[in-house]
Amino acid sequence: MNREKIKAIIEEITGRALERENELLGSGILDSMMTMMLVGRLEEEFGLNFDAEDFTHHNFNSMDAIKKLVSDKMNLL
Amino acid sequence: MSEILGLSHLIFSSPSRILQGGSPLEKLFFRPVFESFDHSEPKKALLRLKTDERTNLTLYASAEGDLPAIELIPSKCEISRPLTSYGMIFPENRKEIFDGLQKFQLTAKFAEKLSFTKVCILEEIPSLIAISPELEKHSCSMGAWIQVPNISSSVDFFANFAGSKIIEQTEDYALFTIKVMNKKFSTFLISIFKGGNSGQNFYNDDIGLAAFGWFAKKIPQIPEKLTNSYSVSPEFGINIKDKKFKAVFFYDNKSQSNEIMVMDRT
């Protein structure tokens with residue numbers, strides 16, 4: 001469920017259909033500004049609070065990693 | 001917890017609006033983005049020349065996503081920050097930047113701490129650039145040194161407000177690492193040295209490294225500890241391509257100012 005929401009948010013931010021789920025930063029699908037927009041939208045959507053420490057290449061380079069980050073944050077609520 | 005997420009860009013007031021053809025920095029950055037804003041009101045207290053109130057900026061984003069962006073703002077100001085009071089440092093594996101530059105063949109050491117080799121001058125910015133072994137030691141892709149008249153307020157700003165991690169600190173020297181908000185979320189080394197004349201003012205349009213640019217989650221309040229050292233500009237808007245930001249300057253007109261930006265989601 002969260003996965004589909006996250007995917008929809010990424011597509012909304014990038015303005016295009018997500019054709020791959022890994023190497024999101026490496027392939028240029030996400031850049032640093034888009035990542036910040038993504039974090040803002042994830043905070044709104046899931047009621048989360050991200051810290052500077054969460055901004056790592058690993059955490060935002062794949063759908064699996066983003067979903068895990070969101071799940072981990074939700075478990076802390 | 002700091003509201004600041006990390007460093008985004010370095011702002012230079014420069015005699016020229018673009019890097020000159022063949023500049024070694026062109027190897028590291030994408031083709032520039034040009035923007036122009038009327039920031040006359042919010043920047044009024046930060047500028048020496050009122051004629052430079054319109055901000056015509058040129059933004060160079062890191063080609064490999066591992067450096068902060070470089071922003072050049074052309075200035076007609078005849079006052080320059082001392083060239084030895086700031087500079088950019090790179091790790092050994094970025095030696096190619098130095099190809100074709102006049103090297104002073106200097107091996108310098110600041111405050112008996114930070115070693116530099118291959119000190120060169122990039123005249124078009126202008127800035128000194130050098131290689132430092134400290135960068136590899138702390139896994140940093142780039143760094144900068146700055147001289148500040150009041151080291152304690154600078155330490156308070158970088159460590160307690162901007163969320164930088166202190167590596168070393170003495171009475172006249174401090175070394176920090178900070179995350180860069182680029183594609184690789186790389187690490188940047190900031191080295192500050194006590195020096196200069198505390199009675200001397202520097203402004204954002206003085207030629208040289210004018211400001212550090214930071215990304216934050218929201219526009220922060222100035223902490224009580226820093227209210228005697230820093231002032232905050234009125235809020236202003238910035239559009240970079242299709243992205244909208246809100247920003248303020250934290251400044252003391254003594255050392256580099258700090259532009260703090262947040263995404264504008266209104």
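Given the structure is predicted, the values throughout are model-derived calculations rather than measurements.

Undergrad: Help me out: how do you make sense of the nonpolar core in this one?
TA: The nonpolar side chains of a soluble globular protein tend to be buried with one another. In this structure, Ile89 and Trp214 of chain B are the most contacted members of the largest nonpolar core, which totals 92 residues. With sequence-adjacent residues up to four places away left out, Trp214 of chain B is seen in contact with Ile4, Leu7, Ser8, Ala162, Asn258, Glu259, Ile260 and Met261 of chain B.

Undergrad: Would you mind going over the interface of chain A and chain B with me for this structure?
TA: By a widespread convention, an interface's size corresponds to the accessible area lost as its parts come together. On the chain B side, the residues contacting the 12 residues of chain A number 15 residues. Take the side of chain A that touches chain B: its biggest share by element is five residues, from helix H2 (residues 32-46) of chain A. Residue classes in the side of chain A that touches chain B are distributed as six nonpolar, four polar and two charged.

Undergrad: Could you clarify how one ought to interpret the sheet that holds strand S6 (residues 108-110) of chain B in this entry?
TA: Two strands in a sheet stick together by hydrogen bonds in their backbones, pointing the same way (parallel) or opposite ways (antiparallel). Residue and element names in this part refer to chain B. Taken together, the eight strands give an open sheet; going across it, the order is S6-S7-S8-S5-S9-S12-S11-S10, and neighbouring strands pair in mixed fashion. If you trace the sheet from one side to the other, it starts and ends with S6 and strand S10 (165-170), each paired once. For this sheet the average axis-to-axis angle between neighbouring strands, irrespective of direction, equals 30 degrees.

Undergrad: How should the confidence of the model for chain B be read in this particular structure?
TA: When pLDDT drops low, the exact placement of atoms in the prediction is not to be read closely. Residue and element names in this part refer to chain B. Summing up the model confidence of chain B, the mean pLDDT is 89 and the portion of residues at 70 or higher is 96%. Mean pLDDT per element in chain B: S6 is the minimum at 74, and strand S13 (residues 208-216) is the maximum at 96. Both confidence scores are given for the complex: pTM 0.92, ipTM 0.83.

Undergrad: Looking at this model, I keep getting lost on the pairing of strand S1 (residues 4-14) of chain B. Mind explaining?
TA: Put simply, side chains in a regular strand alternate between the two faces of the sheet. All names here are of chain B. Burial of S1 is extensive: 11 of the 11 residues sit out of reach of the surface. Across eight bridges, S1 lies against S13 in antiparallel orientation. Within S13, the residue paired with Gly6 across the bridge is Phe215. The sheet contact formed by S1 and strand S4 (residues 69-74) spans six bridges and is parallel. Each residue of the ladder has a partner; that of Phe12, found in S4, is Leu72.

Procedures and definitions
- Residues numbered from 1 in each chain as written.
- Chains lettered and ligands numbered in written order.
- Predicted model: local features only at pLDDT ≥ 70, side-chain atom pairs only at ≥ 80, totals over all residues.
- Core = buried A, V, L, I, M, F, W, Y, C linked by C-beta atoms within 7 Å.
- Buried ≥ 20, exposed ≤ 12 C-beta atoms within 10 Å, placed from the backbone.
- Contact = placed C-beta atoms within 7 Å.
- Helix = DSSP H or I, 4+ residues; strand = E, 2+ residues; numbered from the N terminus.
- Nonpolar A, V, L, I, M, F, W, Y, C, P; charged D, E, K, R; others polar.
- Pairing = 2+ DSSP bridges.
- Axes fitted to C-alpha atoms, helices over the stretch in contact; angles between N-to-C directions.
- pLDDT = per-residue confidence, 0-100.

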